[in-house]
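Structural features, examined
Now for the letters of each chain:
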Amino acid sequence: MVENEDDILGHIAYSIYKSHKIAEIERLCSEKKVDFVSDADIEPFIQMAQSERQIKFYREHADVLANAFLDSTIKESIEMRRVELESEYKVRYEKLLEDCKAKPWYYDVGLGVVSSFVFLALGYLLLLVTGSWDKLIAPFIK
């Protein structure tokens, strides 16, 4: 059943075979009311299990199990990523909503007052630097 060391399906098929063999041994022990069975008792099962048809069954069953495992793993990974993205987008959305929220009216009034003082200070500084302040005040001083 196992073609080489890297044959994962072969290893799974062999595990299925071993599981069936154990079940057969337990059935025979129960049926004969003994603790152990002889090799001769289990020989018919071994002969049947070594047939091409049964080996094919074990490999197909292993393929089904491996695909089911991969499907489950992929679905789980996708679901985990979906939850992560959903959480991340929710945080971003809430931050965007917070950024877009209207500020109270006094915030805008305060901003206007501060910007007016800054504009006035910059204008005064410009007049002082260019020397135009003296020319501007001169007509009022005379």
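Residues numbered from 1 in each chain as written. Predicted model: local features only at pLDDT ≥ 70, side-chain atom pairs only at ≥ 80, totals over all residues. Heavy atoms only, no water.

1. Some points on a nonpolar patch on the surface
Applicable threshold: Patch membership requires more than 30% relative accessible area and the absence of a salt bridge. Residues of like charge join within 9 Å; the nonpolar side chains Val, Leu, Ile, Met, Phe, Trp and Tyr join within 5 Å. Here the accessible surface of atoms and residues is derived via Shrake-Rupley with a 1.4 Å probe, and residues count as covered only by protein chains that are part of the display. Criterion for a salt bridge: a side-chain nitrogen of Lys or Arg within 4 Å of a carboxyl oxygen of Asp or Glu. Here a strand is any run of E in DSSP of at least two residues, a helix any run of H or I of at least four, and the numbering for each starts at the N terminus. Only protein chains enter the calculation, and the probe is 1.4 Å; a residue is then buried if its accessible area is under 20% of its type maximum, exposed if over 50%, and partly exposed in between.
There is a patch of nonpolar side chains on the surface, built from Trp105, Tyr106, Tyr107, Val109, Leu111, Val113, Phe117 and Leu120 and spanning about 930 Å² of accessible area. With respect to the helices and strands, the residue Leu120 is situated in helix H4 (residues 105-130). Overall, the relative accessible area of 58% leaves Leu120 in the exposed class.

2. Section: the packing of aromatic side chains
To keep things clear, this is the line we draw: Whether two aromatic rings pair depends on their centres lying within 6.5 Å, for rings of Phe, Tyr and Trp, where Trp uses its six-membered ring; planes under 30 degrees apart make the pair stacked, over 60 edge-to-face, and the rest tilted. To sit over a ring, a charge needs its Lys NZ or Arg CZ within 6 Å of the ring centre and within 35 degrees of the ring normal.
Inspection of every chain in the model, using the stated rule, returns five aromatic pairs. Where Tyr14 meets Tyr17, the ring centres are 5.8 Å apart and the plane angle is 40°; that geometry is what we call tilted. Placement of both Tyr14 and Tyr17 in helix H1 (residues 8-32) is noted, with a separation of three residues, approximately one turn of the helix. Tyr14 sits in the partly exposed class, given a relative accessible area of 39%. Centroid distance Phe57 to Tyr58: 5.7 Å. Interplanar angle 55°. Geometry classified as tilted. Put simply, the rings of Tyr14, Tyr17, Phe45, Phe57 and Tyr58 pair up and form one aromatic cluster. Positioned above the aromatic ring of Tyr107 is the side chain of Lys103, whose terminal nitrogen or guanidinium carbon lies 5.9 Å from the ring centre.

3. Examining the packing of H1 against helix H2 (residues 39-49)
Worth spelling out the cut-off: Axes, fitted as lines to C-alpha atoms, cover a helix only where it is in contact. Angles between the N-to-C directions of the axes lie from 0 to 180 degrees. Any angle from 65 to 115 degrees is called roughly perpendicular, while one under 35 is roughly parallel, one over 145 is roughly antiparallel, and all others are oblique. A clockwise turn of the near helix away from the far one marks a right-handed crossing, whereas an anticlockwise turn of less than a right angle marks a left-handed crossing. What makes two residues a contact is simply this: any of their non-hydrogen atoms within 4.5 Å. Asp, Glu, Lys and Arg are counted as charged, while Ala, Val, Leu, Ile, Met, Phe, Trp, Tyr, Cys and Pro are counted as nonpolar; the rest, among them Gly, fall into the polar class.
Two elements in contact, H1 and H2, have axes whose closest approach is 10 Å; the angle formed by their N-to-C orientations is 150°. On the basis of the axis angle, H1 is roughly antiparallel to H2. Remark: the crossing between H1 and H2 carries right-handed chirality. Seen from H1, the contacting residues are Tyr17, His20, Lys21, Glu24, Ile25, Leu28 and Lys32; seen from H2, they are Asp41, Ile42, Phe45, Ile46 and Ala49. Of the residues contributing to the contact of H1 with H2, the split by class is seven nonpolar, one polar and four charged.

4. A look at the environment of Lys33
The topology assignment puts Lys33 in the loop between H1 and H2. A sequence separation of 63 residues divides Lys33 from Leu96, and the C-alpha atoms of the two residues are 74 Å apart.

5. Quick look at the side chain of Glu24
Worth spelling out the cut-off: N or O atoms within 3.5 Å of each other form a polar contact, as long as, within protein, one can give a hydrogen and the other can take it, and as long as residues adjacent in sequence are counted only when both atoms are side-chain atoms.
Within the secondary structure, Glu24 sits in helix H1. Under the relative-accessibility criterion, Glu24 is labelled buried at 18%. Among the polar contacts listed, one links the side chain of Glu24 to the side chain of Arg27, at a separation of 2.7 Å. Once residues within four sequence positions are removed from consideration, Glu24 is found in contact with Ile42 and Phe45.

6. Considering the pattern of salt bridges
For the structure shown, the criterion picks out 11 salt bridges. Here Asp99 and Lys95 are joined by a salt bridge, their closest N and O atoms 3.3 Å apart. Note that Asp99 and Lys95 are positioned in helix H3 (residues 52-100) at a spacing of four residues, about one turn of the helix. Taking the shortest distance from any N to any O, the salt bridge between Lys101 and Glu98 comes out at 3.7 Å. Residue classification places Lys101 among the exposed residues on the basis of a relative accessible area of 52%. Connected via shared salt-bridge partners are Glu24, Arg27 and Glu31.

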